[in-house]
Amino acid sequence: MTKATLQALLSHWWRNPLQLFTLLAGLALATALWSGVQAVNAEARASYDAAAATLGEGQYDRLVRRDGQPMAQDTYITLRRAGWLVSPVVQGRLNGVRIVGVEPLTAPGGIGPVAPQEGADVARFLSGEGQLFGSSETASRLPELAFVITPEAAPGTAVTDIGVAQRLLDRQGQIDTLIVLPGQPMGQPPLADIAPDLARQPAQGGSDIARLTDSFHLNLTAFGLLSFAVGIFIVNGAIGLAFEQRRPVVRTLRALGVPLRSLVVLMVAELMFFALMAGGVGVALGYVIAALLLPDVAATLQGLYGADVSGTLQLRPVWWLSALAIALGGTAIAASGALYQLAQMPLLAAAQPRALAMAAGRRARFQGIVAFALLCVAGILMITAKGLIGGFALLATLLIGAALALPLVLDRLLAGLSRLARSVTAQWFWADTRQQLPGLSLALMALLLAMAANIGVSTMVSSFRLTFTDFLDQRLASELYVQVEDTTQLAALVDFASPRTDAILPIQSAEVTIAGQTTQVFGPRDHATYRDNWVFLETAAAAWDTTFADETILINEQLARRSGLSIGDVVQVQGRDFPIAGVYGDYGNPIGQAVIGEDIFARLFPDVIPQRFGLRMDPAAVPGFVEELENRAGIPATQSVDQARIKAISLAIFERTFTVTTALNVLTLAVAGFAILMSLLTLATMRVPQLAPAWAMGMTRRQIGRLELMRAMMLAILTAIVALPLGLALAWALLAVVNVAAFGWKLPMYLFPLDYARLGLFALLAAALAALWPARRLARTPPADLLKVFSNER
Amino acid sequence: MLLRVTDIHKTYQTADGPFAVLRGIDLTLDAGETLALTGESGSGKSTLLHLIGGLDTPDAGQIVLQDQDIATLDDTARAALRRGTVGVVFQQFNLIPSLRIADNIAFQARLAGQHDAAWIKTLTDRMGLSAQLSKYPEQLSGGQQQRVAIARTLAPKPQLVLADEPTGNLDEATAATVMDLMLELVSEAGAGLLMVTHSQALASRMSRRLHLKAGRVA
């Protein structure tokens, strides 16, 4: 029985290959987009974990200097003698590789690849030229050094003995961090007595980079989910249509003696088989997408957060298994409604295929109520939503509510347009379009979501771009930036530059904790460069005057929002109170920042010696100045960066940040176009009985085909009209809610009408291309097929 | 006795309230016997056929087929009954459009696990379908489709054949040919036949006739 029933069920797909292709392709695309994004995220997270494991981040408490500067090796020796079980770490960059120096004899097991219990050759590690542990890719960047290849090493990181690292990095006698080992002896003298300039940072249960980049990955995940939802719309449409067409067959099978339970089990098995098949293809496609996106994501994460992410993708079992699971889950969601209806279907109901329009008509009321409720919730969330969860809840309710409302809105619009019709052809066209709406609604919903996402994300990106470019102009006001390596270079720079520039502006900072937030505090020199260029979001009177008079502090928006600070609140820096005089925009910075006067900075952080300087001068004089600085003051040109170059680098990083988003945007729109094509092709086969009367009454097949094409384009235009306000609402939610929660700053929203018009044109083009083939097929329907509609024997 | 129906009642809920379709029907049928059920539209003929075929359940009464009261069977047991013991020929043919004619004919026999290739070949030849085996139902005329439906029903050699206006969609000449074949083959299979029909001519070819009126035997 099972074999015969299965044969009957599967023969449907054999006879309707296009439907099968739609189902498999929709599912494969949905899985591909989702799993591609997840693969990128998984790879990045694996890289963070490997990097964190190298330094024991998140596992052990650490000792660092309060001013963020390196500590002397003597401090380590003093602590060890006092009974503190600590292990030193030094790190720095060499040819773009992160060199991490650890002491293998004291380092806790599990950090770095050199733990003694792993059987590493410690003697060789410590002796002679030293050995570095790293991936083959890292080794290739430092060909002159001896490497032991360890594939599990963090990308772009080499671990070696601390002595070797100090020599390679030219940082003899310096230590960045001391790892506090577990199981410290009793009766240690307090840290404040032995090393008062050190602070103990507790283990954080996760790496800093992982936390910093969480929001970035969350955004990617949200986009992946949206793409998956668009794909599932296609699957839902294909399954719904297939079940609708198989309804009479199911009834016949039951009448012939196949129990309902067996039928449902077989249909579930059939769908799960397809889901696994399409999921497998989706995993492969997802791998390709991830491999294409990963270099840009890696560059973005390096540029934004300084996070090293492997540019090569690994096929992790967790990833492809979860992709298959989501393919199965997506199919289950898409098919559950159809299966439920099938299970409830009475055996003796009328055997005619039920019209899609009738089915949709019965559901329309319920759908309308759900859409209205979701949009109401979205409205409330627009006013009240805070945090990432609230932001994403707003996006979800807005998008799903609008998608569900679309068929009803389009129906109303078409009803309005049909009232304007004068000719009989126009009247038939509008009435027939309304009849087609239920069959096309899923594809149009997919198009709506794709277009709204496109408008929303492109508005956010373009608003960000405008704001960021202005911001760079404000913040990179100095014509030249010079980095010095020591006090000799510092003196040479000051001597040489003083008579040749309008101003030398030291850029000095220290890391502190303000109101519980890690904050970079700066001590700039009083100069018009800051007074004229920095834009405040909120300011007290004479904010610069009081700040440069060492009375107040300025903080960035991130710190203000995260700690709930505003003008007049008092914060502490190194035990000194500062009232807040201004909050400034600081786009692209993931952490808190504050500005105090140069003098008070010097008093609070006496050990910080400025190593970067902004020089104000005639822009035309910059190239000559750099050359002379090298020749006469001995500061190499490689230590000077002109403003234009920094801006170009910053903008390049910024552009790559959004390459990923743009790629996903295009893919999502393409999937929506595919959904329209498949819906139209499938409907075309069911259209003959509807079009035959029009043909019989005198319309030519060519006319009918042309009207079919127009219908698809007109529906795309109407969908685009609905997508515009939805996309703008999405952009607002992204800028005002999600961005604030994810990054800590709010962006002004700009409108880009030309971009929207271009997108509308693309959507129209996609719909026209999608409709062309089905319309052509209809225009060429043989008269014999049309005549069959009127045959008594059908 | 092949079939004994005793005091069957069936009421449907309609928009205008409960509607009693069958109000105490009794009938019997022996193996090899043919019985025509006639009556006006709405008299309860098709409902009675559906109840006997296990497609629906009565509100009251007994339907004993081969000493088994099918009114008491659950859905799975009734499905098993339809697979092997009872065969139903529908007015709308109800072929499976995605299966070829050969597969359609053999379908119910395979479901029942009673596939007899020689008997199916006999059916195919006698029904004049040998040249159509590789085609799909949509490529056949209405008369040909109904012959496929009859062959499918007879393929598992059911003890009881139920036919619901099997020639209702066919012209007179085709209907006569199809009917001749069905009666011959049912007779050869030794099955009982219960046929719903409006046609007095068809009814007169049955061994017995039962006329229903307003849910009762007239």
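It should be emphasised that the depicted structure is a prediction, and the values quoted were computed from it without experimental measurement.

**Observations regarding the overall build of chain A**
Looking only at helices and strands, chain A has 24 helices and 21 strands in total. The contacts of chain A with a sequence gap of at least 6 include a subset with a gap of at least 24, amounting to 80%.

**Description of the pairing of strand β7 (residues 160–164) of chain B**
Residue and element names in this part refer to chain B. Judged by how many residues are buried, β7 sits mostly within the fold: five of five residues are covered. The two faces of β7 match: Leu-160, Leu-162 and Asp-164 on one face and Val-161 and Ala-163 on the other face are all buried. As judged from the four bridges shared by strand β6 (residues 86–89) and β7, these two strands associate in the parallel manner. When the bridges of β7 are listed, Gly-87 appears paired with Val-161. Remark: the β7/helix α6 (residues 172–189)/strand β8 (residues 192–196) crossover connection has right-handed handedness.

**Describing the packing of aromatic side chains**
Under the criterion given, the structure shown has 11 aromatic pairs over all chains. Between A:Trp534 and A:Trp544 the ring centres are 5.8 Å apart and the planes differ by 75 degrees, which places this aromatic pair in the edge-to-face class. You can see A:Trp534 sitting in the loop between α15 (528–533) and β15 (536–539) and its partner A:Trp544 sitting in helix α16 (residues 543–548), a full 10 residues away along the chain. On the basis of relative accessible area, A:Trp534 is assigned to the buried category, the value being 13%. An aromatic cluster is present here, built from A:Tyr530, A:Trp534, A:Phe536, A:Trp544, A:Phe548 and A:Tyr584 joined pairwise through their rings. Residue placement shows A:Arg15 over the ring face of B:Tyr136; its charged tip is 3.4 Å from the ring centre. The side chain of A:Arg500 reaches across the aromatic face of A:Phe496, ending 3.9 Å from its centre.

**Looking at the confidence of the model for chain B**
Residues and elements named next belong to chain B. Confidence in the prediction of chain B, expressed as mean pLDDT, is 88, and 100% of residues score 70 or more. Across chain B, element-level confidence peaks in β8 with a mean pLDDT of 93 and bottoms out in α6 with 82. Quick note on the complex model: pTM equals 0.64, ipTM equals 0.80.

**Structural notes on α6(B)**
Residue and element names in this part refer to chain B. The first and last C-alpha atoms of α6 sit 26 Å apart over 18 residues, in line with the 26 Å expected at 1.5 Å per residue. Of all the positions in α6, only Ala-175, Val-178, Met-179, Leu-181, Met-182, Leu-183, Leu-185 and Val-186 are classed as buried. Remark: Gly-190 follows α6 within two positions and exhibits a positive phi of approximately 70 degrees.

**A few points about the sheet that holds strand β20 (residues 612–616) of chain A**
Residues and elements named next belong to chain A. An order of β12-β20-β11-β21 is seen for the four strands of this open sheet, with the pairing classed as antiparallel. Only two strands of the sheet have a single partner each, and these edge strands are β12 (503–507) and β21 (640–642). On average, adjacent strands in this sheet sit at an angle of 25 degrees to one another, irrespective of strand direction. Looking at chain direction, β12 and β20 are connected through five bridges and run antiparallel. Its bridge partner lying in β20, Ile-504 is registered against Leu-615. Strands β11 (480–483), β12 and β20 of the sheet are contacted by helix α14 (residues 487–497), whose axis makes an angle of about 5 degrees with β20. The strands touched by helix α19 (residues 622–633) within the sheet are β11, β20 and β21, with β11 carrying the most contacts at an inclination of about 15 degrees.

**Thoughts on the interface of chain A and chain B**
Listed by partner, the interface residues are 23 residues for chain A and 25 residues for chain B. Here chain A packs against chain B, burying approximately 2300 Å² in sum over the two surfaces, 58% of which is carbon and sulfur. The interface formed by chain A and chain B includes one salt bridge. For B:Glu138, the salt bridge goes to A:Arg15, with nearest N and O atoms at 3.2 Å. For the side of chain A that touches chain B, the secondary-structure elements that each account for two or more residues are α1 (2–15) and α8 (208–255) of chain A. For the side of chain A that touches chain B, the leading source of residues is α1(A), giving nine residues. Looking at side-chain class alone, the side of chain A that touches chain B contains 13 nonpolar, six polar and four charged residues.

**Focus: the environment of A:Gly130**
Among the structural elements, A:Gly130 can be located in the loop between α4 (122–126) and β5 (132–134). C-alpha of A:Gly130 to C-alpha of A:Ala146: the two residues are 16 residues apart in sequence and 7.3 Å apart in space.

**Side note on the pattern of salt bridges**
Summed over the entire model, instances satisfying the criterion amount to 23 salt bridges over all chains. Measuring nitrogen to oxygen at the nearest pair gives 3.0 Å for the salt bridge that ties A:Arg758 to A:Asp755. Of this pair, A:Arg758 and A:Asp755 both sit in helix α23 (residues 753–779), three residues apart, which is roughly one turn of that helix. Classification of A:Arg758 as partly exposed rests on a relative accessible area of 46%. For B:Glu188, the salt bridge goes to B:Arg126, with nearest N and O atoms at 2.9 Å. Of the two residues, B:Glu188 sits in helix α6 while B:Arg126 sits in helix α4 (residues 117–126), which places them 62 residues apart along the sequence. A single network of salt bridges, built from pairs that share partners, joins A:Asp411, A:Arg412 and A:Arg434.

**Quick notes on the sheet that holds strand β4 (residues 60–65) of chain B**
All names here are of chain B. In spatial order, the strands read β2-β1-β4-β5; together these four strands make up an open sheet with antiparallel pairing. In this open sheet, the two edge strands, each paired with only one partner strand, are β2 (17–29) and β5 (68–69). Pairing geometry for β4 and β5, over two bridges, is antiparallel. Each residue of the ladder has a partner; that of Val-64, found in β5, is Asp-69. Set on the sheet, helix α1 (residues 45–52) makes contact with β1 (3–14), β2 and β4; between it and β1 the angle comes to about 120 degrees.

What counts, and where the lines are drawn
Residues numbered from 1 in each chain as written. Chains lettered and ligands numbered in written order. Predicted model: local features only at pLDDT ≥ 70, side-chain atom pairs only at ≥ 80, totals over all residues. Heavy atoms only, no water. Helix = DSSP H or I, 4+ residues; strand = E, 2+ residues; numbered from the N terminus. Contact = heavy atoms within 4.5 Å. Buried < 20%, exposed > 50% of the residue type's maximum accessible area, 1.4 Å probe, protein only. Pairing = 2+ DSSP bridges. Right-handed = clockwise from strand over helix to strand, strands pointing away. Phe/Tyr/Trp six-rings, centres within 6.5 Å; stacked < 30°, edge-to-face > 60°. Lys NZ or Arg CZ within 6 Å of the ring centre and 35° of its normal. pLDDT = per-residue confidence, 0-100. Expected span 1.5 Å × (residues − 1). Axes fitted to C-alpha atoms, helices over the stretch in contact; angles between N-to-C directions. Buried area = accessible area lost by both parts, 1.4 Å probe. Salt bridge = Lys/Arg side-chain N within 4 Å of Asp/Glu carboxyl O. Nonpolar A, V, L, I, M, F, W, Y, C, P; charged D, E, K, R; others polar.

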